[in-house]
Amino acid sequence: MENKKTCLYEQHMALGAFMSPFAGFEMPIHYTSIVEEHNAVRNACGVFDVSHMGEVFIKGKDAERYVNHIFTNDVKGAPDGQVFYGMMLHENGGTVDDLLVYRMKEGEYFLVFNAANIDKDVAWMEQHLDGYDVTFDHCSDRYGQLAVQGPEAEQVVEEVLKLEVKDLKFYTAKYITVDGEELVVSRTGYTGEDGFEIYGSHAYIQKAWDLLIESKKALPCGLGCRDTLRFEVGLPLYGDELADDITPVMAGLSMFCKLDKEEFIGKEAVAKQKEEGPKTRIVGLELKDKAVPRHGYAVLKDGQKIGEVTTGYNSISTGKSVAMAHIDAQYGKLGTEVEVQIRKKTFPAVVVKKRFYDKHYKKD
């Protein structure tokens, strides 16, 4: 089956991007180099095409009740514009997906989820619609999305795109009308830096991308550095640090599962696992060598396999060889010494916090 193309495919080709299949789409991995693009986001401003992401609008009188049923975080009584991070879970606590929920206004929620899971997520959400008076609008194909990220992002979005975003606090969103079109604009930032997400028609996203690139104030960035940036600040990627068989408790994300709310799918399983403690968990590792750990490499303790690397890099911002790994929980204590097998050699490593680099989000 041929991979899909985002509305910015022609722009990527014109810029000479290195393209590769990702989540069923042809996506740019880098334009110049991953290191240059990574550093642009850490120090100035970069723009990403994230039009491959999935989006659904839930509207109607039962919208809040429905979203709270399928989502681990608690949206009840939230103010307009509030954004929430959380998960959708199977009954056994395994993760269907992690996602953002935007409460745009009363009875109107915008859900944004991972491109690789669009079909699975939509089918799962539709399975749980019975008994709720809502309209379910799967709008992934209508929306393009830009992520403008970095310490200069606010200035760039205001000056180049003429969008008023200064008033957006961290993890909030609003509608902005441009030429009769209603955009959704939020301030979250999957890179660990300040940043904005702009959702609009394909025509608007193409125009906005061109303005940003022509301004030379935002460097085009591919998915290569999107991964290195999110990894350094300890943010999970579905399929690596969360999965159908990796629960939020294992991933160290149970704070986004609000066990004090009435109910959500998977609540009982999460509560039980939290009480008993998970058998495995996601941890950070720092190698005492410059060898680079990669996804799937074995983690050992005294020569016995105890898990494997989920994501690993020589961190661009710190210069250290670090990884996230899914290992037996008994070895998950900070300071525990383990080894990582890289091809035929093993390298000593130590369990550390998953945040290898400090986040620099917008402070109110």
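We now turn to the structure provided with this report. All values reported here derive from a predicted model rather than from experimental measurement. (Residues numbered from 1 in each chain as written. Predicted model: local features only at pLDDT ≥ 70, side-chain atom pairs only at ≥ 80, totals over all residues. Heavy atoms only, no water.)

1. What to know about the layout of surface pockets
Test applied: Definitions used throughout: a 1 Å grid over protein atoms alone; a cavity as a set of points that fits a 1.4 Å probe which cannot get out; a pocket as an open set with protein on both sides within 12 Å along at least five of seven lines; a lining residue as one with an atom within 4 Å of a point. Grid points are joined across faces, edges and corners, and a volume is the space filled by probe spheres set on the points. Three categories are distinguished: nonpolar for Ala, Val, Leu, Ile, Met, Phe, Trp, Tyr, Cys and Pro, charged for Asp, Glu, Lys and Arg, and polar for the others, with Gly belonging to the last.
Size it by volume and the second largest pocket reaches roughly 280 Å³. Considering the residues around the second largest pocket, the lining is formed by Lys61, Asp62, Glu64, Arg65, Asn68, His69, Asp74, Lys76, Tyr132, Lys261, Glu262 and Glu263. Within the lining of the second largest pocket, the residues separate by chemical class into one nonpolar, two polar and nine charged.

2. As for the sheet that holds strand β13 (residues 195-200)
Operational definition: When DSSP finds at least two bridges between two strands, those strands are taken to pair. Every helix listed is a DSSP run of H or I at least four residues long, and every strand listed is a run of E at least two residues long, numbered separately from the N terminus. Note on geometry: axes are lines fitted to C-alpha atoms, helical ones only across the stretch in contact, with angles between N-to-C directions running from 0 to 180 degrees. Contacts are residue-level and defined by heavy atoms, with any inter-residue pair within 4.5 Å sufficient.
Spatial strand order, β11-β12-β13-β10-β4-β14: six strands in an open sheet with mixed pairing. Strands with a single pairing partner mark the edges of an open sheet, and in this sheet they are β11 (172-178) and β14 (219-221). Taking the axes of each pair of neighbouring strands and ignoring which way they run, one obtains an average angle of 25° across the sheet. Note that strand β4 (residues 46-49) and β14 share three bridges and pair parallel. Bridging across to β14, phenylalanine 48 finds its partner in cysteine 221. Along the sheet face, helix α2 (residues 34-43) touches β4, β10 (144-149) and β14 and points at about 120° away from the line of β14. In the packing of helix α6 (residues 202-215) onto the sheet, contacts are made with β4, β10, β11, β12 (181-187), β13 and β14, and the angle to β10 comes to roughly 30°.

3. A word on the side chain of histidine 52
Using the following cut-off: Note on exposure labels: buried denotes an accessible area under 20% of the residue type's maximum, exposed denotes more than 50%, and partly exposed covers the range between, all computed with a 1.4 Å probe on protein chains only.
Note on placement: histidine 52 falls in the loop between β4 and β5 (54-59). By relative accessible area, which is 3% here, histidine 52 ends up buried. With sequence-adjacent residues up to four places away left out, histidine 52 is seen in contact with Thr6, Phe22, Phe25, Met27, Ala115, Ile118 and Leu223.

4. Here's the deal with the pairing of strand β2 (residues 18-22)
With five bridges connecting them, β2 and strand β3 (residues 25-30) associate as antiparallel partners. Looking at β3, one finds that phenylalanine 22 is bridged to phenylalanine 25. Once β2 ends, the chain turns through two residues before running back antiparallel as β3, passing alanine 23 with a positive phi of about 55°.

5. With respect to the packing of aromatic side chains
We count it as follows: The pairing test for Phe, Tyr and Trp rings, Trp by its six-membered ring, is centres within 6.5 Å, and the orientation test on the planes gives stacked under 30 degrees, edge-to-face over 60, and tilted for anything in between. For a lysine, the NZ atom is tested; for an arginine, the CZ atom; a charge sits over a ring if that atom is within 6 Å of the ring centre and within 35 degrees of the ring normal.
If you walk through the whole model with that rule in mind, you get 14 aromatic pairs. Put simply, the rings of Phe57, Tyr102, Phe110, Tyr143 and Tyr199 touch in pairs and so form one group of aromatic residues. The ring of tyrosine 9 has lysine 5 lying over it, and the distance from NZ or CZ to the ring centre is 5.0 Å. It is lysine 59 that lies over the ring of phenylalanine 57; its NZ or CZ is 4.7 Å from the centre.

6. Thoughts on unusual backbone geometry
Although it is not a glycine, aspartate 179 sits at a positive phi angle of roughly 50°. Mapped onto the elements of the fold, aspartate 179 is located in the loop between β11 and β12. The phi dihedral of aspartate 302 is positive, around 55°, even though this residue is not glycine. Along the chain, aspartate 302 turns up in the loop between β16 (298-301) and β17 (304-314). On the basis of relative accessible area, aspartate 302 is assigned to the exposed category, the value being 64%.

7. Notes on the sheet that holds strand β8 (residues 108-113)
Taken in spatial order, the five strands make up an open sheet running β6-β7-β8-β5-β9, and their pairing is antiparallel. Looking at strand neighbours, the two that pair on one side only are β6 (83-89) and β9 (135-138), the edges of this open sheet. Within this sheet the neighbouring strands show an average axis-to-axis angle of 25°, counted without direction. By the bridge criterion, six bridges tie β5 to β8 in an arrangement that is antiparallel. Within β8, the residue paired with isoleucine 58 across the bridge is tyrosine 109.

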